Amino acid sequence: MRSWPVPQVPSLSAAGLPAPGGRLRLHDTGTGSLRPTEPGETARMYVCGITPYDATHLGHANTYLAFDLVNRVWRDLGHTVHYVQNATDVDDPLLERAQQTGEDWRELADREIELFREDMTALRILPPDQYVGAVEAIPLIVRMVEKLRARGATYEVGGDLYFPVSADPAFGEVSRLSRAEMAPLFAERGGDPDRAGKKDPLDALVWMAQRPGEPGWESPFGTGRPGWHVECSAISVEYLGMGFDVEGGGSDLAFPHHEMGASHAQAATGESPHARAYVHAGMVGLDGEKMSKSRGNLVFVSRLRRGGADPMAIRLALLAHHYRSDWEWTGAGLEAAAARLERWRAAAARPSGPAAAPVAAAVRGHLAEDLDAPAALEAIDRWAAEPGDDTAAPGQVRAIADALLGVLL
Ligand code: 5CA
Ligand code: ZN
């Protein structure tokens, strides 16, 4: 599918600032610890995309922004970034929504994906190099299911194909949850633990035979559609190969989605790991509950934009929270971000200010330590509050805010 336009990312060395050093450390769910990312010349990242039926709420925006920081920090460190994202443009919740409203599911998906592209562009989120829909990926998903089948890692229940979690000895190593913890999450997040005929309640659907009134695609295992986890597993392995640097998403994807995706990929290829780090953003809530389509308590980026909010203020309101924390969106947070943006813009428009090199060092240092954006914002606050006589500094701080934080002043 079409991705979205690439915003300009200024080079900080071209702006006269020193080169960065060090590595980006990120919290890896798979080990439960902060670990340095160690990409080669090209850093490889897969981030799970939206299921396009209620885009783009601030929880989505927060998650894509977190991985946008990863992208920007790696680029600043001199890496080329190969970034892949999917869009789950056929799945149960999308079909259910289309059924409820009487809209064609394809039209619903197309419209929501287009809105998502517009919101991502407005928020200056760097686009993926490959933006891949589940429907267009069906041939490669079928190839992955065939590989699983050839290795004896599928079985049939009533015409549907399941993946036995026993096929991957490393199952459980992404989320590090006990089976007792996995069971309720599996049921809550799209799984079917109680289906009769399954060998293990946690086994995941990889191919679902066509149901009446639902779309289906031909395959060697009958006409049907892919399961959810195998979609991301197949797309990521196809475009990035095994052992890519970061797989990302919100914390609700650690289990079962990233756990199952890793097991599918590992069982299908015989290689491991699927990703070298599994990185998860916190959940954004509203009025005491996680913001989610199913709860209907959504604040949309597009609605804020239409209401006159500056997308850079929305970006700053999100960046004011550490990406791994769970927090609640408030109107006051957006107002504070708009005031901060105004202060920064006024300071960056001065003829001179304090030297920018220490600001670059502080912003880089904070982001390199598990993306501490709130601390990075405070470093720019301090610069903006101080007088100084360095005439190059305002332009350089504009470049820092733009390149590393994606905030255009
Ligand atoms: N299509 C799948 C991934 S393959 C999916 O989870 N789609 S989604 O539209 O439900 O979510 C898209 C991304 O936004 C996921 O990474 C999800 O973890 C994240 N997300 C959803 N709700 C929130 C929230 N309230 N706060 C933060 N992130 C959220
Ligand atoms: Zn996914």
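Residues numbered from 1 in each chain as written. Chains lettered and ligands numbered in written order. Predicted model: local features only at pLDDT ≥ 70, side-chain atom pairs only at ≥ 80, totals over all residues. Heavy atoms only, no water.

Our focus in this paragraph is the overall build of the chain. Helix and strand counts for the chain come out as 13 helices and 14 strands. Relative to the 2.2 N^0.38 estimate, which gives 22 Å for 409 residues, the radius of gyration of the chain is 22 Å and therefore close to what a compact globule would have. Taken along the three principal axes of its C-alpha coordinates, the chain extends 75 × 45 × 35 Å. For the chain, the proportion of its 409 residues judged to be buried stands at 57%. Considering only intrachain contacts with a sequence separation of at least 6, the fraction spanning at least 24 residues in the chain is 79%. (Helix = DSSP H or I, 4+ residues; strand = E, 2+ residues; numbered from the N terminus. Rg over C-alpha atoms; globule rule 2.2 N^0.38 Å. Buried < 20%, exposed > 50% of the residue type's maximum accessible area, 1.4 Å probe, protein only. Contact = heavy atoms within 4.5 Å.)

The rolling of a water-molecule-sized probe over the atoms marks out the regions of remaining empty space. Tallied over the entire structure, the rule returns two cavities of 30 Å³ or more. If you add up the space inside the largest cavity, you get close to 70 Å³. Surrounding the largest cavity, Asn-62, Leu-65, Ala-66, Leu-69, Leu-318, Leu-319, His-321, His-322, Tyr-323, Leu-371 and Ala-373 form its lining. Only helix H1 (58-76) and helix H9 (311-319) provide two or more residues apiece to the lining of the largest cavity. Counting residues per element, the lining of the largest cavity draws most heavily on H1, at four residues. (1 Å grid on protein atoms, 1.4 Å probe; cavity = no way out; pocket = protein on both sides within 12 Å on 5 of 7 lines; lining within 4 Å. Points joined across faces, edges and corners; volume = space filled by probe spheres on them.)

Let us look at the packing of aromatic side chains. Considering all chains together, one arrives at nine aromatic pairs under this definition. Both rings, one in Trp-4 and one in Tyr-131, keep their centres 5.6 Å apart while their planes meet at 80°; by these two values the pair is edge-to-face. A residue pair is termed long-range when its members are at least 10 positions apart, and Trp-4 in the segment before strand S1 (25-28) and Tyr-131 in strand S5 (residues 130-133) qualify at 127 residues. Both residues of the pair, Trp-4 and Tyr-131, count as buried. Note on Trp-105 and Trp-217: the rings are 6.1 Å apart at their centroids and 80° apart in plane angle, and the pair reads as edge-to-face. Taken together, the residues span a long stretch of sequence, with Trp-105 in helix H3 (residues 105-122) and Trp-217 in the loop between strand S8 (204-209) and strand S9 (224-226) at a distance of 112 residues. Accessibility expressed as a relative area gives 21% for Trp-217, which makes it partly exposed. Aromatic rings pair up to connect Trp-4, Tyr-64, Phe-116 and Tyr-131 into one cluster. The ring of Tyr-155 has Lys-199 sitting right over it, with the charged end atom 4.5 Å from the ring centre. Taking the ring centre of Trp-383 as reference, the NZ or CZ of Arg-350 above it sits at 4.7 Å. (Phe/Tyr/Trp six-rings, centres within 6.5 Å; stacked < 30°, edge-to-face > 60°. Lys NZ or Arg CZ within 6 Å of the ring centre and 35° of its normal.)

Around a metal, the idealised angle for a tetrahedral arrangement of four donor atoms is 109.5 degrees; for an octahedral arrangement of six donor atoms it is 90 or 180 degrees. Bound to the zinc ion (ligand 2) are the protein donor atoms Cys-48 (SG), Cys-232 (SG) and His-257 (NE2), situated 2.1 to 2.2 Å from the metal. Around the zinc ion (ligand 2), the four donor atoms are arranged such that angles at the metal cover 101 to 118°; this shape is classified as tetrahedral. Along the chain, the residues donating to the zinc ion (ligand 2) are arranged with the sequence spacing C-x183-C-x24-H. Here Cys-48, found in the loop between strand S3 (42-47) and H1, pairs with His-257, found in helix H7 (residues 254-269); they are 209 residues apart in sequence, far enough to count as distant. One exposure class covers both Cys-48 and His-257, and it is buried. (Donors = N, O, S within 2.8 Å, 3.2 Å for Na, K, Ca; no water. Tetrahedral: all angles 85-135°; square planar, octahedral: opposite > 155°, others 65-115°.)

Now for the sheet that holds strand S12 (residues 284-286). Spatial strand order, S13-S12-S14: three strands in an open sheet with mixed pairing. Edge positions in the open sheet fall to strand S13 (289-290) and strand S14 (327-328), since each of these has one partner strand only. Pairing analysis gives two bridges linking S12 to S14, with the strands arranged parallel. Paired with Gly-285 across the strands is Glu-328, a residue of S14. (Pairing = 2+ DSSP bridges.)

In this fold, Ala-170 is placed in the loop between strand S7 (160-163) and helix H5 (179-188). Between the alpha carbons of Ala-170 and Ser-263 there is a distance of 7.1 Å; along the sequence they are 93 residues apart. Apart from residues lying up to four places away in sequence, Ala-170 is in contact with Glu-259 and Gln-266.

Here the focus is the environment of Gln-396. Mapped onto the elements, Gln-396 comes out in helix H13 (residues 393-405). Separated by 294 residues in the primary sequence, Gln-396 and Gly-102 place their C-alpha atoms 52 Å from one another. When neighbours within four sequence positions are excluded, Gln-396 is seen to be in contact with Ala-15, Gly-16, Leu-17 and Ala-356.

What follows covers the layout of surface pockets. For the second largest pocket, the calculated volume is near 190 Å³. What lines the second largest pocket is simply Asp-92, Leu-95, Glu-96, Ala-98, Gln-99, Glu-103, Asp-104, Trp-105, Gly-213, Glu-214 and Pro-215. Examining the composition of the lining of the second largest pocket, we find that five residues originate from one element, helix H2 (residues 92-101), more than from any other. Of the residues contributing to the lining of the second largest pocket, the split by class is four nonpolar, two polar and five charged. (Nonpolar A, V, L, I, M, F, W, Y, C, P; charged D, E, K, R; others polar.)

Glancing now at the pairing of S1. Every regular strand shows the same layout, with side chains that alternate between the two sheet faces. Here S1 runs beside strand S2 (residues 33-36); their pairing, made up of four bridges, is antiparallel. Bridge pairing in S2 links His-27 to Leu-34. Linkage of S1 to S2, two consecutive antiparallel strands, is achieved through a turn of four residues, within which Gly-32 is found at a positive phi near 70°.

Right, let's talk about the sheet that holds strand S6 (residues 155-157) for a bit. The strand order across the open sheet built from four strands is S6-S7-S8-S9, with neighbouring strands paired in antiparallel fashion. Looking at the sheet topology across the chains shown, the edges are occupied by S6 and S9. The sheet shows a mean angle of 30° between the axes of neighbouring strands, taken without regard to direction. Pairing between S8 and S9: three bridges, direction antiparallel. (Axes fitted to C-alpha atoms, helices over the stretch in contact; angles between N-to-C directions.)

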